[in-house]
Amino acid sequence: MSGISSASRIVVKIGSSSLTRLDGGLDLNRIDSVARLVSRWRGSEREVVIVSSGAVAAGLDPLGFSSKPKDLPSVQAAAAMGQGLLMARWTAAFQAHHLDVAQVLLTTEDVMRRDHYTNARAALVRLLGLGIVPILNENDAVTTRELRFGDNDRVAALIAQMIRADALVLLTDVDGLYTAPPDHPGARLVTRVSGADDLMSVLVTGAGSRVGTGGMATKVQAAMLATASGIGVQLACADNLEHVLSGECVGTWFEPSQERPASRRLWIAHAAPSRGEIVVDEGAARAIKERKKSLLVAGVSSVLGHFDAGDVVDVACPTGLIARGVSGYDSDTLAQIAGLGTPELHSAGYEHPRPAIHRDDLAVLGDAFSAVNAD
Ligand SMILES: Nc1ncnc2c1ncn2[C@@H]1O[C@H](COP(=O)(O)OP(=O)(O)O)[C@@H](O)[C@H]1O
Ligand SMILES: N[C@@H](CCC(=O)OP(=O)(O)O)C(=O)O
């Protein structure tokens, strides 16, 4: 059995490739069948958030585009057109099972800024409490090239973290993760991923289907992001949703880590944008990693970039990135006092010197983080 059978709150993400027909239009039967199966699984006790791609794909035909346009304004126009059609169908499909849905369109700001993050979480949790099925997508019609998620796999993982879901289901057009793109001779299905090591010999490509966005690469990154937060991920073909929701191990199961870090640490590690870098010496790196201590100013070797006190920054040692945290000082000040011990800080006029990063504001990054953030 997979972790889905014991879950009470799940996020189900369904990709464009599974929501559109070969001729380009929305696959209405697919939406109906997902709504039917999800409603049945949900019953009266469980909670589901759906992350639905497909807005751009749904808008192509009505706008007379024969394929996904390359320029952003046309993509935005297709998304604006398609999102309404998509929601109309999800609404009707769930209504057939006496469930109401609500549309939530996100921008990166809603996840990157802490106040927006807690605000979005409050809205989602309230919707779930009201017995509604939130249907999420990126707000593609208004996002800029620089400030867009670009892929809903990552959105789904961040949302699963945000609402502390028990499991994440990623539905796509192939059976799961293969050792190489499925059209490669000899590619085999990987049924279980227990950690980053299991991905060493797996070849994924970013190129997806005709309408899909990130290919398998974004799904694997999203799965690693979720599992690092203690959320198990079932990656499966949308055709197999019934089996997935029955708890059968179809597709690829990404095992969750045993830890479930606090929500604030998850936000620091995965959602917040990094504004700069604090380079620390090896003693400080050990104190942070092994003894879970605060980063003291004495352990700071140098400072890169320009940031304010309260910004999230990377923490690196000579061997690489080790943590992320909220800086207690702005970059100019920290660069001036870097390396000073407490007595020297007192002499420099800091009566009660703060740590460079307090341990409550530090997220130590594991191997999964590197897999998640690899390009
Ligand atoms: N190692 C791999 N295993 C499985 N699929 C892969 C792999 N590498 C690349 N792919 C491709 O990723 C595609 C799924 O990604 P995508 O088209 O973006 O789907 P979606 O629209 O569901 O998000 C598959 O159709 C497959 O061709
Ligand atoms: N937000 C976009 C989909 C982005 C995306 O991640 O697509 P996909 O790879 O099909 O899940 C849309 O609704 O068209």
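Source: prediction; values computed, not measured. (Residues numbered from 1 in each chain as written. Chains lettered and ligands numbered in written order. Predicted model: local features only at pLDDT ≥ 70, side-chain atom pairs only at ≥ 80, totals over all residues. Heavy atoms only, no water.)

Help me understand the sheet that holds strand S3 (residues 101–106), please; the structure alone is not making it clear to me.
Sheet strands pair via backbone hydrogen bonds, and the direction of the pair is either parallel or antiparallel. The strand order across the open sheet formed by 8 strands is S3-S4-S2-S1-S5-S7-S8-S6, and the pairing between neighbours is mixed. With one partner strand each, in any of the chains shown, S3 and strand S6 (192–193) form the two edges of the open sheet. Relative to strand S8 (residues 252–254), S6 is paired through 2 bridges, and the arrangement is parallel. Opposite Arg192, over in S8, you have Trp253 as the bridge partner. (Pairing = 2+ DSSP bridges. Helix = DSSP H or I, 4+ residues; strand = E, 2+ residues; numbered from the N terminus.)

So what exactly am I meant to see when it comes to the side chain of Asn152 here?
Structurally, Asn152 is set in helix H7 (residues 152–162). Overall, the relative accessible area of 8% leaves Asn152 in the buried class. At 2.9 Å, the side chain of Asn152 and the side chain of Ser53 are in polar contact. Separated by 2.9 Å, the side chains of Asn152 and Asn137 make a polar contact. Not counting residues within four places of it along the chain, the set of residues in contact with Asn152 comprises Lys13, Val51, Ser52, Ser53, Asn137 and Glu138. (Buried < 20%, exposed > 50% of the residue type's maximum accessible area, 1.4 Å probe, protein only. Polar contact = N/O pair within 3.5 Å; in protein donor to acceptor, adjacent residues only side chain to side chain. Contact = heavy atoms within 4.5 Å.)

Mind showing me how you'd approach the UniProt feature "binding site: ATP" (unreviewed entry) in the protein chain here?
When the UniProt feature table is mapped onto this chain numbering, "binding site: ATP" (unreviewed entry) sits at Lys13, Thr172, Asp173, Thr213, Gly214, Gly215, Met216, Ala217, Thr218 and Lys219. Once residues within four sequence positions are removed from consideration, Lys13 is found in contact with Val51, Ser53, Asn152, Asp153, Ala156, Val169, Leu170, Leu171 and Lys219. Reaching out from Lys13, the side chain makes a polar contact with the side chain of Asp153 at a distance of 2.8 Å. (UniProt positions renumbered as here; feature names shortened; annotations may be inferred.)

Whenever I open this one, a nonpolar patch on the surface confuses me. Can you help?
On the surface, Leu63, Met81 and Leu85 cluster together into a nonpolar patch covering about 230 Å² of accessible area. Inspection of the secondary structure puts Leu85 in helix H4 (residues 72–95). (Patch = residues over 30% accessible without salt bridge, like charges linked within 9 Å, V, L, I, M, F, W, Y side chains within 5 Å. Areas by Shrake-Rupley, 256 points an atom, 1.4 Å probe, with all protein chains shown as cover. Salt bridge = Lys/Arg side-chain N within 4 Å of Asp/Glu carboxyl O.)

Where do I start with the pairing of strand S11 (residues 312–317) in this structure?
The side chains of a regular strand alternate between both faces of the sheet. The buried count for S11 comes to 6 of 6 residues, which makes it a mostly enclosed element. Burial of the side chains of S11 extends over both faces: Val312, Asp314 and Ala316 are buried on one face and Val313, Val315 and Cys317 on the other. In this structure, strand S9 (residues 277–280) lies alongside S11, joined through 3 bridges in parallel fashion. Paired with Glu277 across the strands is Asp314, a residue of S11.

I keep staring at the sheet that holds S9 and nothing clicks. Help me out?
Spatially, 5 strands are ordered S10-S9-S11-S12-S13 in an open sheet, and the strand pairing comes out mixed. Edge positions in the sheet fall to strand S10 (300–304) and strand S13 (362–364), since each has one partner strand and no second. Going from strand to strand, the sheet's axes swing by 25 degrees on average, the running direction of each strand aside. Against the sheet, helix H10 (residues 263–271) contacts S11, strand S12 (320–326) and S13, and its axis sits at roughly 130 degrees relative to S12. Helix H11 (residues 282–289) rests against S9, S11, S12 and S13 of the sheet, and its axis sits at about 65 degrees to S12. (Axes fitted to C-alpha atoms, helices over the stretch in contact; angles between N-to-C directions.)

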